[in-house]
Structure formats: structure tokens, C-alpha cells
Amino acid sequence: MRKMLLAALSRVLQGPAGATVAAAGRTASRVMVASRNYADFASEATFEIKKCDLHRLEEGPSTTAVMTRDEGLHYYKTMQTIRRMELKSDQLYKQKIIRGFCHLYDGQEACCVGLEAAIKPTDHVITAYRAHGFTYARGVPVREILAELTGRKGGCVKGKGGSMHMYTKNFYGGNGIVGAQVPLGAGIALACKYFGKNEICLTLYGDGAANQGQIFETYNMAALWKLPCIFICENNRYGMGTSVERAAASTDYYKRGDFIPGLRVDGMDVLCVREAAKFAAEHCRSGKGPILMELQTYRYHGHSMSDPGISYRTREEIQEVRSKSDPITLLKDRMVNNNLASIEELKEIDVAVRKEIEEAAQFATTDPEPPLEELGNHIYFNEPPFEVRGPNQWIRYKSVS
């Protein structure tokens, strides 16, 4: 190995005058990566994870988690893609290419990735307006998400939904009215029970929505009917501009279901989220009814792009969370320290992700906007065509499903 590295350095240093020591380092690095076989890595590793706080439960999720190398690489790439996608969205918004409301998810990536890792594609997910990460985790390509944000024809909702209204199979948005998706999620869970397919619904909301009256009404119905619903509060510590301590008399959101069992989970650790979600999913599938999860997480951006995010919290606080609890850094350190991946391999993933995001952004800024003739389309599902009045009473558009 050492001879190979020295030979590589020697060849570059003896080359043309333009060859530099930096080039030698790059060549040596490539030799090192190429010479390391995948067999050198461990196939899996076992990790100690934080114990969940429990409510009305005698036992909780395991405090150890097994992660395979393939799983780790998948989680890393997915979280890194969501992070880069949100940073690109920030840039496009500031360039006024994305308009309207835009709520970014960076910092909370372990939540959507950990949840998705614990459920089946046939299970159902509904969330609030901070939905980009869930949209990607549910299988929508980056280019379709960014194109939706820029209002283009190639967006996942054909440019008509924007940031808060994205959908795909078994994913029901993206909902802009605070807390309104929670009763909808219970309705989806009721359908799961009615059709008897052993499916569950993950119903997500934020700490700001947790005080909505309709949520407690939904808890009651879900408990009475033993619906297979996991109610999930993504507690990122702040509502629109108010800390949880100022907004709620009780910040123990996992206990808010009262008669519904609950878990409080480290939402910055993808393995903690995954194991807790597996436990909750099994609880629902076994016919025990709903369960409540509180994911303690943190958003790096403000509430939305109109919120600088530093008028009610300090820059130092944000930086401290980034340095101590970042979900991507935590996963990266675990993988490298347990020989599941190398620094060089993860850097290659980073490069590939940046390339994918740039190509998606190029598509999202050049794809055409939907034509005006489509204004009335997709109002109803499976209906015969009908006329919709346009901007004035003399214009009519034909609506199709």
C-alpha cells in the first residue's frame, strides 16, 4: 500500500512543471480509495441510543439499534439530499425565483428519514406545511420538488401546489391550515381499519399546532375507535416566533393524549426515531389503537422564509445545536467510527448530491410554467369535463380530472 502511494506521488512530482503537490495529494487519495475494497468495511454495527420517555407504557423501544452499512449509506444520502435541497430552496427564494410561502426543513432531517425507515411504502403519511423532506422521503425526485417550488409544469403537483401542497402515492401533503391535517390523518387511519389491510397512518404536526382544539377532539375519536394512527408532534422548540415555554402550559407533548400512550424521542438521531417508530407501528398494527410520539428536534431556518429566525433566539443557540446535535454529523461520525464507511466515500456522496441538486435547480428554473388553459383542471377526481369560469365572466375553461 505504502509503495503504491509513493509511486503515485513520484509520478506526479516528476511530471510537467504545472503538476503541483496538491495534484499529487489528489492522485494519492484516489489510489487510496480505489485500493480499499468494500470487503474492508463492516456489514453492520450495533449502537447504544437514548432511552425514550414513556407515558402509559410499561415497556418502550429498544435502547440498542443495529444498522447495516447499506442502511447507513442510504440514510446519509437521503438526509444530505434534503439538507442541500433546502439550502438551494433558500437561495432560489432569495433570488425571487420561488415565491409565496416556503417553510424549510433543514435540521429536522432525522425525523422524516427515521420515520420512513420504520414503515412500509403502503403505509400513509400526512403532515403540515414543512413538507419538503417528507415529500422526498416518500419517493418524489428532487427535480419535481424544486420545480413545484418554482411553479413549473414538471413539478410534482404540476406547478399548482407550491411549497405547502405536495402529494404522491400514500402521502397526503403538505397542509397549510395549522393542525387541520390531524383529523384528516385520523380519517385516513379509519380507512386503513375499514379496509382491513393492516396499514397505518403517520399524522404529523408541530409544537405550535399542538394546542389546537381539533387535535384533542381527534385524540378522543381515535382512542374510542382504536384507529391505527401514530400522532407525531415534531417539537422544534419554536412556533412561528414563540418558544414552546411561552406558548404551552405543559411542554410534555407526548403526554398530551392523556389516555393515549406516548413516547418522547430524540428527533436529532435517525436511529432513535427509527426504533421508536418501529415500536409505535407495531403497537398500531396489533390493534391497540393510537399512540403519540414527540420528536425533539430543531429547525435551522426561521419559521418561514419571511422569518430571519434570530429575533426570538440567538445565533449562538443555533450554532450550538449545529455543533453538538446535527443529525447528519451524528450519523457520519457513527459510520466512520464503526468502520461502516470511510470519510472519502461519504465525500463522494456529498459531491454526487450537490451535482443532483444543481441539475434539479437547472430544470426547475427552465421548465415552462403550466399554461393558463390548465387553470381549472384537477378540481375533482374522476368527473366528466365541465366548464370553469376564468378571470372574468366571458372566459370559460374546460376542467378535466
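Cut-offs applied
Residues numbered from 1 in each chain as written. Predicted model: local features only at pLDDT ≥ 70, side-chain atom pairs only at ≥ 80, totals over all residues. Heavy atoms only, no water. UniProt positions renumbered as here; feature names shortened; annotations may be inferred. Helix = DSSP H or I, 4+ residues; strand = E, 2+ residues; numbered from the N terminus. Phe/Tyr/Trp six-rings, centres within 6.5 Å; stacked < 30°, edge-to-face > 60°. Buried < 20%, exposed > 50% of the residue type's maximum accessible area, 1.4 Å probe, protein only. Disulfide = S-S within 2.5 Å. Axes fitted to C-alpha atoms, helices over the stretch in contact; angles between N-to-C directions. Parallel < 35°, antiparallel > 145°, perpendicular 65-115°, else oblique. Left-handed = near helix turned anticlockwise from the far one by under 90°. Contact = heavy atoms within 4.5 Å. Nonpolar A, V, L, I, M, F, W, Y, C, P; charged D, E, K, R; others polar. Domains from an automatic or database assignment. Core = buried A, V, L, I, M, F, W, Y, C linked by side-chain atoms within 4.5 Å. Salt bridge = Lys/Arg side-chain N within 4 Å of Asp/Glu carboxyl O. Pairing = 2+ DSSP bridges. Right-handed = clockwise from strand over helix to strand, strands pointing away.

Looking at an unreviewed UniProt entry, one finds the protein chain named Pyruvate dehydrogenase E1 component subunit alpha, with Bucco capensis as its source organism. UniProt, in the comment section headed Function (unreviewed entry), describes the protein chain in these words: "The pyruvate dehydrogenase complex catalyzes the overall conversion of pyruvate to acetyl-CoA and CO(2), and thereby links the glycolytic pathway to the tricarboxylic cycle." Its UniProt record, at the heading Subcellular location (unreviewed entry), says of the protein chain: "Mitochondrion matrix".

Another point: the UniProt feature "domain: Dehydrogenase E1 component" (unreviewed entry) in the protein chain. In the numbering adopted here, UniProt assigns the feature "domain: Dehydrogenase E1 component" (unreviewed entry) to residues 78-372. The distance separating the terminal C-alpha atoms of residues 78-372 is 35 Å; by composition the span is 45% helix and 9% strand.

Two aromatic rings are characterised by how far apart their centres lie and by the angle between their planes. Across all of its chains, the model carries 8 aromatic pairs by this definition. Centre to centre, the rings of Tyr194 and Phe195 are 5.3 Å apart; their planes meet at 85 degrees, and the pair counts as edge-to-face. In this pair, the class of Tyr194 matches that of Phe195, namely exposed. Between the aromatic rings of Tyr219 and Phe231, the centroid separation amounts to 5.2 Å while the plane-to-plane angle is 75 degrees, which identifies the pairing as edge-to-face.

Tallying each qualifying case throughout the model produces 0 disulfides. Cys111 forms no disulfide, and the closest cysteine sulfur to it belongs to Cys112, at a distance of 7.4 Å. The exposure class assigned to Cys111 is buried, which follows from its relative accessible area of 0%. Unpaired in this structure, Cys229 has its nearest cysteine sulfur neighbour in Cys201, at a distance of 5.2 Å.

Counting buried residues in helix 4 (residues 109-118) gives 8 out of 10 residues, a clear majority hidden from the surface. Every buried residue of helix 4 is listed here: Glu109, Ala110, Cys111, Cys112, Val113, Gly114, Leu115 and Ala118.

Viewed as axis vectors pointing N to C, helix 7 (residues 181-195) and helix 8 (residues 213-224) meet at an angle of 20 degrees, and their least axial separation amounts to 8 Å. Classified by the interaxial angle, the pair formed by helix 7 and helix 8 is roughly parallel. Note that helix 7 runs across helix 8; the crossing there is left-handed. Of the residues in helix 8, those in contact with Val182, Pro183 and Ala186 of helix 7 are Gln214, Ile215 and Thr218. Taken together, the residues that form the contact of helix 7 with helix 8 break down as 4 nonpolar, 2 polar and no charged.

Moving on, we get to the domain arrangement of the protein chain. By the assigned domains, the protein chain splits into domain 1 (44-370) and domain 2 (374-400). Summarising the inter-unit geometry, the C-alpha centres of domain 1 and domain 2 are found 35 Å apart.

Counting 72 residues, the largest nonpolar core has Leu115, Leu202, Ile230, Val265 and Met293 as the members making the most contacts within it. Among the elements that line this core, the one with the most residues is helix 10 (residues 270-285), at 9 residues. The residues contacting Leu115, other than those within four sequence positions of it, are Phe134, Leu202, Leu204, Ile232, Val273, Ala277, Met293 and Leu295. Counting residues in each nonpolar core, the second largest holds 22 residues, with Leu227, Cys229, Phe231 and Leu292 among its members.

With that settled, consider the pattern of salt bridges. Going through the model one piece at a time under the given rule, you end up with 18 salt bridges. Taken together, the shared-partner salt bridges in this structure form one network comprising Asp53, Asp252, Lys255 and Arg264.

This paragraph deals with unusual backbone geometry. At Asn170, a residue that is not glycine, the phi angle is positive and equals roughly 65 degrees. Within the fold, Asn170 resides in the loop between helix 6 (142-149) and helix 7. Since its relative accessible area comes to 14%, Asn170 is described here as buried. Notably, Asn382 is not glycine yet its phi reads approximately 60 degrees, a positive angle.

Each regular strand shows side chains that alternate between the opposite faces of the sheet. With 5 of 6 residues buried, strand 8 (residues 291-296) is to be regarded as a mostly interior element. In this structure, strand 6 (residues 229-235) lies alongside strand 8, joined through 6 bridges in parallel fashion. What sits directly across from Phe231, in strand 8, is Leu292. For the segment spanning strand 7 (residues 262-266), helix 10 and strand 8, crossover handedness is right-handed.

Attention now moves to the pairing of strand 5 (residues 201-206). In terms of burial, strand 5 is a largely internal element, 5 of the 6 residues being buried. Bridge count between strand 4 (residues 124-126) and strand 5: 3 bridges; the pairing is parallel. Its bridge partner being in strand 5, His124 is matched across the sheet by Cys201. Pairing analysis gives 6 bridges linking strand 5 to strand 6, with the strands arranged parallel. By the bridge assignment for strand 6, Gly206 is matched with Glu234. Considered for its hand, the β-α-β crossover made up of strand 5, helix 8 and strand 6 is right-handed.

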